[in-house]
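Chain by chain, the residues run as shown.
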Amino acid sequence: MKNMIRCAGETVKGIWSLFVGLGITGKYFVSRKRTTYYPRETVEKAAADSFRGPIELVGTPKNPAIPKCISCMLCVQACPSNCITVKKRPAPVMTAEEQKAFDEALARGENPKKPSAPKDPAVYTYDFTYCSLCACCVEACPVNSIKFSHELYLSGTRREDFNIDLLARLKRTAKSAPVKEKAAPAPAATDETPATEASA
Amino acid sequence: MQQIFDFFTSLPPMVLDVIHLAVALVAIIAFVSANAIVLVYMERKVAGFVQRRPGPYEVGPQGVLQVVCDAVKLIGKQIVRPTHSDPALFWLAPVLAFFPVLLLFLPIPFSSLLTGWNPDLGILLILAFAGINVIAVLLAGYASNNKWGLLGAARGVSQSVAYEIPLLLSVLAIAMMTGTLSLTNIVDGQGGWPWQWNIFLQPVAFVIYLISVFAETNRAPFDLPEGESELTGGFHTEYSGMGFGLFFLAEYANMVLVCSVATALFLGGWKGPFFDGPWWFMAKVYSLLFFMMWVRWTYPRMRFDQMLNLNWKWLLPLGVLNLLATAFCMKFFPMIAKIFQGGAA
């Protein structure tokens, strides 16, 4: 008897659930569409900002064209698919005068410092075709120099289009981005100048 | 004009009947094809809207020409027959699936005048010939020389055979109540207002009928014979081009057919509150078709044992009880039925 009542209750509940399901799809049927009609419309910015696109570098507050990156190679090690390539800058070769001053200081028994290599990377490339967007590099970066871009409509016609030079990309975005008052003028940033920035 | 009219009236009645049948059949072929196009478009739009997307959109305004493109593509495709399949049966199956359906539209009363043929046993004709569809599914699966096809056919046959019983029981209840097997007479027995329809007296039969036809037409949630995830295409896995196209047409024709029969049996046919006519019939048929699509895009596919359990343990006993109750009422309280039927007449 108890079983029968339970069975009947379950049946009623099951039949009721059918109507609940019809109600949900019926409501969706009459409600607004949630898709974007791509070639003619694009997703609004708020929605695109939640999208995880290929990674990009973060510029320093002073000069947005120079990455915060200190070439520590942690991202290269953290990447499970080895899609990041970073090359450090070599230490600058001392001029003859500097070498002489260095040798003299050494002879005096002081502890002179060789000019150190600038910290920012010489090469920072990234192969998006291998990237799984796992965020390991973003988490590994000690100076928060890596973030995900929100590039929703990325497209290319060749493999090489997705082998991205992130330094060049950073320079491009720094140029096109509106310059903040505090930030240093970006266009001056070229490969010759970054040593001063990196040491700062 | 008068001469032509005189010529036709001078013909013997048998010849006139043959002409009538031929015209009806041609009209039905046109009707079924036109409906298939409308229904495919409607199905895809309903699917889109239920999933909150626009559905076909690109070809023509709101994508209305999409179906035409698909049809042209389907016709243009090469028809391939797998090796080691049975050629005769393989080609017979799609033909057998589609053409009997045309015959089934003959006794459907679209209005008091628009009836292809009004035999005394119209509903029996439909139920009898509907069984040919099962044979077509079986042949298609068997002749394909394909495991998926064979499994789909086995499922289709066991499902159709099982669900024919509650379907018959629900139709029998109506037949017992109205005392006729002619669809025209059944519609005549009902009135225009919803409380004068048979669904008001036989709601249980209507529900059983509706559930059974979902299974009979292989529609979701009972679309196991062609369950894509398990059987790729089920019984029509090996059919390409118009071989598949005929099965596709047959499915939509069958949908229109079962909804037409439901309209005639339960929903007052071509009668409505105002202006009786075929527009009421079509409105009711399309409401039912919309419901079938709504259900398809709401419920997941049932498991095979669940589906047969629903049939043998629920619908069949319910149908028998409903039939017994109907018989009891008709025998001992004929007054009740008289009142309702009096209101309808």
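Attention here is on the structure that accompanies the text. (Residues numbered from 1 in each chain as written. Chains lettered and ligands numbered in written order. Predicted model: local features only at pLDDT ≥ 70, side-chain atom pairs only at ≥ 80, totals over all residues. Heavy atoms only, no water.)

With respect to the interface of chain B and chain A
Bring the parts together and some accessible area is lost; that lost area is often taken as the interface size. Under the convention used in this document: Note on definitions: a residue-residue contact is assigned when non-hydrogen atoms from the two residues lie within 4.5 Å. Throughout, the accessible surface (probe 1.4 Å) given up by two parts as they are put together, summed over both, is called the buried area. Here a salt bridge means any side-chain nitrogen of Lys or Arg lying within 4 Å of a carboxyl oxygen belonging to Asp or Glu. Under the rule applied, a polar contact is a pair of N or O atoms within 3.5 Å (in protein, one hydrogen donor and one hydrogen acceptor; residues adjacent in sequence only if both atoms are side-chain atoms). Helical segments are the DSSP runs of H or I of at least four residues, strand segments are the runs of E of at least two, and each set is numbered from the N terminus. The classification used treats Ala, Val, Leu, Ile, Met, Phe, Trp, Tyr, Cys and Pro as nonpolar, Asp, Glu, Lys and Arg as charged, and all other residues, Gly among them, as polar.
Taken together, the contacts link 16 residues of chain B with 16 residues of chain A. Summed over both sides, the interface between chain B and chain A buries roughly 1500 Å², with carbon and sulfur atoms accounting for 68% of that surface. Counting across the chain B and chain A interface gives one salt bridge. With a closest N to O distance of 3.2 Å, A:R40 and B:E58 form a salt bridge. Here chain B and chain A share nine residue pairs in polar contact (both at pLDDT 80 or more) between them. Listed by contribution, the elements that provide at least two residues to the side of chain B that touches chain A are α2 (13-50) and α12 (278-296) of chain B. Here the side of chain B that touches chain A is built from residues that sort into twelve nonpolar, one polar and three charged.

A short note on empty space enclosed by the protein
Residue and element names in this part refer to chain B. Defined as follows: Here a cavity means grid points, on a 1 Å grid over the protein atoms only, where a 1.4 Å probe fits yet cannot get out; a pocket means an open set of points with protein on both sides within 12 Å along at least five of seven lines; lining residues are those with an atom within 4 Å of a point. Grid points are joined across faces, edges and corners, and a volume is the space filled by probe spheres set on the points.
One pass over the full model with this rule turns up five cavities of 30 Å³ or more. For the largest cavity, the calculated volume is near 220 Å³. Lining of the largest cavity is provided by 18 residues; of these, A130, L167, E216, L257 and V258 occupy positions nearest its centre. Where the lining of the largest cavity is concerned, the elements lending two or more residues are α5 (122-143), α6 (147-178), α9 (203-216) and α11 (241-266). For the lining of the largest cavity, the leading source of residues is α5, giving six residues. A class-by-class count of the residues in the lining of the largest cavity yields twelve nonpolar, four polar and two charged.

Remarks on α11(B)
Residue and element names in this part refer to chain B. Heads up, the rule is: Multiplying 1.5 Å by the residue count of a helix minus one yields the expected span of that helix. Partly exposed residues are those whose accessible area sits between 20% and 50% of the maximum for their type, while under 20% is buried and over 50% is exposed, using a 1.4 Å probe and protein chains only.
For α11, spanning 26 residues, the distance from its first C-alpha to its last is 37 Å, which sits close to the expected 38 Å at 1.5 Å a residue. By the criterion of burial, α11 is predominantly enclosed, with 23 of the 26 residues buried. After α11 finishes, the residue G268 shows a positive phi value of roughly 80°.

Some details on the pairing of strand β3 (residues 123-127) of chain A
All names here are of chain A. Applicable threshold: A pair of strands is labelled paired if DSSP reports no fewer than 2 bridges between them.
Note: strand β2 (residues 84-87) against β3, four bridges, orientation antiparallel. Across the sheet, the residue bridging to V86 is Y124, located in β3. In the sheet, β3 pairs with strand β5 (residues 163-165) via three bridges, with the strands oriented antiparallel. Paired with Y126 across the strands is I164, a residue of β5.

Concerning the nonpolar core
Stated formally: Throughout this description, the term nonpolar core refers to a set of buried Ala, Val, Leu, Ile, Met, Phe, Trp, Tyr and Cys residues connected via side-chain atoms within 4.5 Å.
Counting 82 residues, the largest nonpolar core has B:L39, B:F105, B:I108, B:Y209, B:L265, B:F266 and B:L289 as the members making the most contacts within it. Contact partners of B:F266, with chain neighbours within four places excluded, come to B:I174, B:Q190, B:W197, B:N198, B:I199, B:Q202, B:A205, B:F206 and B:Y209. Counting 22 residues, the second largest nonpolar core, distinct from the first, contains A:I55, A:Y126, A:C137 and A:L166.

Points about helix α3 (residues 66-76) of chain B
All names here are of chain B. Filter applied, for reference: When we speak of the arc, we mean the arc of directions from the helix axis to the C-beta atoms.
Considered for burial, the residues of α3 that qualify are Q66, V67 and L74. Angularly, the buried residues of α3 cover 95° about the axis, an arc narrow enough to put them on a single face. Pointing more than 90 degrees away from the buried face of α3 are the exposed residues V72, I75 and G76. Of the surrounding secondary structure, the elements contacted by the buried residues of α3 are α2 and α11.

Looking at the pattern of salt bridges
Residue and element names in this part refer to chain A. Under the counting rule described, the total for this entry stands at 13 salt bridges over all chains. A salt bridge links R158 to E160; its shortest N-O distance comes to 3.8 Å. Exposure remark for R158: the relative accessible area of 49% places this residue in the partly exposed category. Overall, E160 belongs to the partly exposed group, its relative accessible area being 49%. Taken together, the shared-partner salt bridges in this structure form one network comprising E56, K147, E151 and R169.

Digging into the environment of A:A47
All names here are of chain A. Following the sequence through the fold, A47 ends up in helix α2 (residues 45-48). For A47, a relative accessible area of 33% gives the class partly exposed. Residues A47 and H150, spaced 103 residues apart in sequence, show a C-alpha to C-alpha distance of 9.6 Å.

Side note on the side chain of B:T263
All names here are of chain B. Counting through the fold element by element, T263 comes out in helix α11. For T263, a relative accessible area of 0% puts it in the buried group. A polar atom in the side chain of T263 sits 2.7 Å from the backbone oxygen of C259. Residues in contact with T263, not counting those within four places in the same chain, are G268, G269, F281, K284, V285 and L288.

Remarks on the packing of helix α1 (residues 2-30) of chain A against α2(B)
How two helices sit against one another is set out by the angle between their axes and by the gap between those axes. As a reminder of what qualifies: Axes here refer to lines fitted to C-alpha atoms; in helices the fit is confined to the stretch in contact. Angles between the N-to-C directions go from 0 to 180 degrees. Every angle not falling under 35 degrees, over 145, or within 65 to 115 is termed oblique; those three ranges are roughly parallel, roughly antiparallel and roughly perpendicular.
Taken N-terminus to C-terminus, the directions of α1(A) and α2(B) make an angle of 100°; their axes are 7 Å apart at the nearest point. When the interaxial angle is binned, α1(A) and α2(B) end up roughly perpendicular. On the side of α1(A), the interface is formed by A:T25, A:Y28 and A:F29, while α2(B) contributes B:V46, B:F49 and B:V50. Residue composition of the contact of α1(A) with α2(B), grouped by class: five nonpolar, one polar and no charged.

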